Amino acid sequence: MFNKFRFWGKPYCLVLGGGGNKGVYQMGVWKALREDHIRINAIIGTSVGSVNAAFMASSDYERVLNGWLNMNANDVFSLPNEKEGRFSVLKEITRQLLTKGGMDMSRFRKYISQFINESRVRKSGLDLGIVTFRINDLKPIEYFLENIPNGELIDYVMASSGLPGLQPNIINDKLFADGGFYDVIPYNTARKRGYNRIIVVDISGIGHDKKDNNFGAETIFVKNSQDTGDIITFDHHTYARNVRMGYLDARKAFGHYNSSKYFFRINKRTICRIDKLLTDDTLFGEYSKYLGLLDTDDTGKHNRLNLVRKTLPADKAIHRFPEAMLIECAAETLRIDPLLHDNTKQLINEIKNRINEIKNAEQSPKDKQNVFEKIQRLGKILNSALFAGNELIAVLLTESDALKHLKFLSGFYPNLVPALIFFSIVEKL
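So, how was this worked out
Residues numbered from 1 in each chain as written. Predicted model: local features only at pLDDT ≥ 70, side-chain atom pairs only at ≥ 80, totals over all residues. Heavy atoms only, no water. Helix = DSSP H or I, 4+ residues; strand = E, 2+ residues; numbered from the N terminus. Buried < 20%, exposed > 50% of the residue type's maximum accessible area, 1.4 Å probe, protein only. Areas by Shrake-Rupley, 256 points an atom, 1.4 Å probe, with all protein chains shown as cover. Pairing = 2+ DSSP bridges. Salt bridge = Lys/Arg side-chain N within 4 Å of Asp/Glu carboxyl O. Patch = residues over 30% accessible without salt bridge, like charges linked within 9 Å, V, L, I, M, F, W, Y side chains within 5 Å. Core = buried A, V, L, I, M, F, W, Y, C linked by side-chain atoms within 4.5 Å. Contact = heavy atoms within 4.5 Å. 1 Å grid on protein atoms, 1.4 Å probe; cavity = no way out; pocket = protein on both sides within 12 Å on 5 of 7 lines; lining within 4 Å. Points joined across faces, edges and corners; volume = space filled by probe spheres on them. Nonpolar A, V, L, I, M, F, W, Y, C, P; charged D, E, K, R; others polar. Expected span 1.5 Å × (residues − 1). Polar contact = N/O pair within 3.5 Å; in protein donor to acceptor, adjacent residues only side chain to side chain. pLDDT = per-residue confidence, 0-100. Arc of directions from axis to C-beta.

1. Focus on the overall build of the chain
Scanning the chain from N- to C-terminus turns up 19 helices and eight strands. Among the 429 residues that make up the chain, the fraction classed as buried is 52%. Total accessible area on the chain is roughly 20900 Å²; 50% of this is exposed by carbon and sulfur atoms.

2. Topic: the pairing of strand β6 (residues 174-177)
Summarising the sheet, strand β3 (residues 127-134) and β6 pair through two bridges and their orientation is antiparallel. Bridging across to β6, F133 finds its partner in A177. Where strand β5 (residues 169-171) meets β6, three bridges bridge the pair, whose relative direction is antiparallel. Note that in β6 the partner of I171 across the bridge is K174. With antiparallel pairing between neighbouring strands as the criterion, β5 and β6 make up a hairpin whose turn holds two residues, including N172 at a positive phi of roughly 50 degrees.

3. Some thoughts on the pattern of salt bridges
Opposite charge on two side chains lets them pair, provided their charged atoms get close. Applying the stated criterion across every chain, the model contains 14 salt bridges. In this structure, R241 engages D337 in a salt bridge whose closest nitrogen and oxygen atoms are separated by 2.6 Å. One end of the pair, R241, is in helix α9 (residues 236-253); the other, D337, is in the loop between α14 (322-333) and α15 (344-360), and 96 residues separate them in sequence. A relative accessible area of 24% means that R241 is categorised as partly exposed. As a salt-bridge pair, D281 and R304 come within 3.0 Å of each other at their nearest N and O atoms. Placement of the pair is D281 in helix α11 (residues 281-287) and R304 in helix α12 (residues 301-310), with a sequence separation of 23 residues. The partly exposed category is assigned to D281, whose relative accessible area is 47%. By relative accessible area, R304 is classed as buried at 8%.

4. Remarks on a nonpolar patch on the surface
Together, I135, I170 and L175 make up a nonpolar patch on the protein surface, roughly 240 Å² of accessible area in all. Turning to its location among the elements, I135 is positioned in the loop between β3 and β4 (139-144).

5. Side note on the nonpolar core
In terms of nonpolar packing, the biggest core is built from 66 residues, with M27, I112, L153 and I199 touching the most fellow members. Looking at this core element by element, the count peaks at seven residues for helix α2 (residues 48-58). Discounting residues that sit within four places of it in the chain, I199 has contacts with Y12, C13, L14, V15, L33, I38, I40, I220, V222 and F254. Ranked by size, the runner-up nonpolar core spans 46 residues in total, among them I327, I336, V417 and I421.

6. Regarding empty space enclosed by the protein
Using a probe with the size of a water molecule, rolled over the atoms, empty space left in the structure can be pinpointed. Tallied over the entire structure, the rule returns two cavities of 30 Å³ or more. Surrounding the largest cavity, 21 residues form its lining, G20, N21, V48, V76 and F108 being those nearest its centre. Of the residues that constitute the lining of the largest cavity, the class distribution is 16 nonpolar, five polar and no charged. Size it by volume and the second largest cavity reaches roughly 50 Å³. Elements with a contribution of two residues or more to the lining of the second largest cavity: α10 (268-279), α12 and α14. Here the residues of the lining of the second largest cavity are counted per class, giving six nonpolar, no polar and three charged.

7. Quick word on the environment of H302
Secondary-structure assignment places H302 in helix α12. Put simply, H302 and T279 are 23 residues apart on the chain and 8.0 Å apart in space, counted from C-alpha to C-alpha.

8. With respect to α15
Along its 17 residues, α15 runs 24 Å from first to last C-alpha, staying within 8% of the 24 Å computed at 1.5 Å per residue. Those residues of α15 that fall on the buried side of the exposure criterion are T344, L347, I348, E350, I351, K352, I355 and I358. One side-chain oxygen at the N-terminal end of α15 lies 3.1 Å from the backbone nitrogen of K345; it belongs to N343.

9. Examining unusual backbone geometry
Even without glycine at this site, S59 takes up a positive phi of about 60 degrees. As for its position among the elements, S59 is in the loop between α2 and α3 (61-69). Positive phi is not limited to glycine here, since R335 has a value of about 60 degrees. Note on placement: R335 falls in the loop between α14 and α15. Since its relative accessible area comes to 56%, R335 is described here as exposed.

10. Describing the confidence of the model for the chain
For the chain, the average pLDDT comes to 86, and 83% of its residues sit at 70 or higher. The least confident element of the chain, judged by mean pLDDT, is helix α16 (residues 365-376) at 54; the most confident is strand β1 (residues 12-16) at 98. Note on residues 378-388: pLDDT under 50 across the span, and 20 contacts to partners over four residues away in sequence or across chains.

11. A closer look at helix α5 (residues 106-113)
Among the residues of α5, those classed as buried are F108, Y111 and I112. Down the axis, α5 shows its buried residues gathered within 90 degrees of arc, on one side only. Packed against the buried residues of α5 are α2, α3 and α7 (153-159).

This is how it looks when you write it as structure tokens:
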């Protein structure tokens, strides 16, 4: 359960991992931090994490978020317009690699400079740390604000953000490369700095992860629950999705949700309603046909909840709220995007709507027979990809003969049986 009093104590050090354009995910985490009024007294970043650290210390969330969401390739790379053809673009990339030692990042420097207010950063009182890698002597360097000359913060942020293939950054005649060569998630830097209340944001960046010393520390880990895409991408839909993911993942880490893959908090009232429906004699008569694969004769009310729990996949059966896992099995079976909703009522209504669409869909007898024939041939077919999810569900809900294949089907779809059970009661919720 989310406990706001937990965060009213000493502040946290925020550790931001590297990962190129995946870093937009950290904007969602920043939003969650702001909403929960979680105090931060230090931010330490590697690569794009150092960029976002400087952004956050500048304290202009809406402006920075818009900057991320509207960033295009031309804001980062000095390349010809795509209208000039791929050959022209490849030719310029080759020229920059051969003559400059990497892609020219002057446009990127100019773009992020709009959102970094060094004066505000220095007045914020935040302990800002940046991890980079010095190429000359192959030595990792951890810079903090007191070591960075006034007016040069952007130089050190760029020094931490030199991904392979990008032009190395030069400070005082020294070449610097991406901090991920040393530590893509600078958790140990935070520990060495003396922090023991830490929030780590891992965006699955490529690099060396030295996160190996959390003894004696209170650490909250926030990590992307789904794929965040490529390190270098300029797809605005991906940007928006990653912000949403970062927000929800952070809220889950802070205790707002008690679900597993999805993002909702099931309360006692909903649990009691689901339990009452599962033990109802009439509804049990409807869903008991899905329990045929369980070897038991004890179907009394006292044992029905236990029987339903036994249908859950192993990774869900252990959950303390099997009722929540029934909802998740139904949502996964219907292929509902986990990022779509963030409360129980919305997700249950989405499941209801999807089921009604399936039941009301006009499926020709021929189409239904095709799916049914595929199910009948399952003894010889081992490719679950043959089945469109809605078509399979429609047949199982309407064709009683298909249920004799349910045990075999559940081997391919471990969520299927608990999902069918939930479909039997969902209209009553």
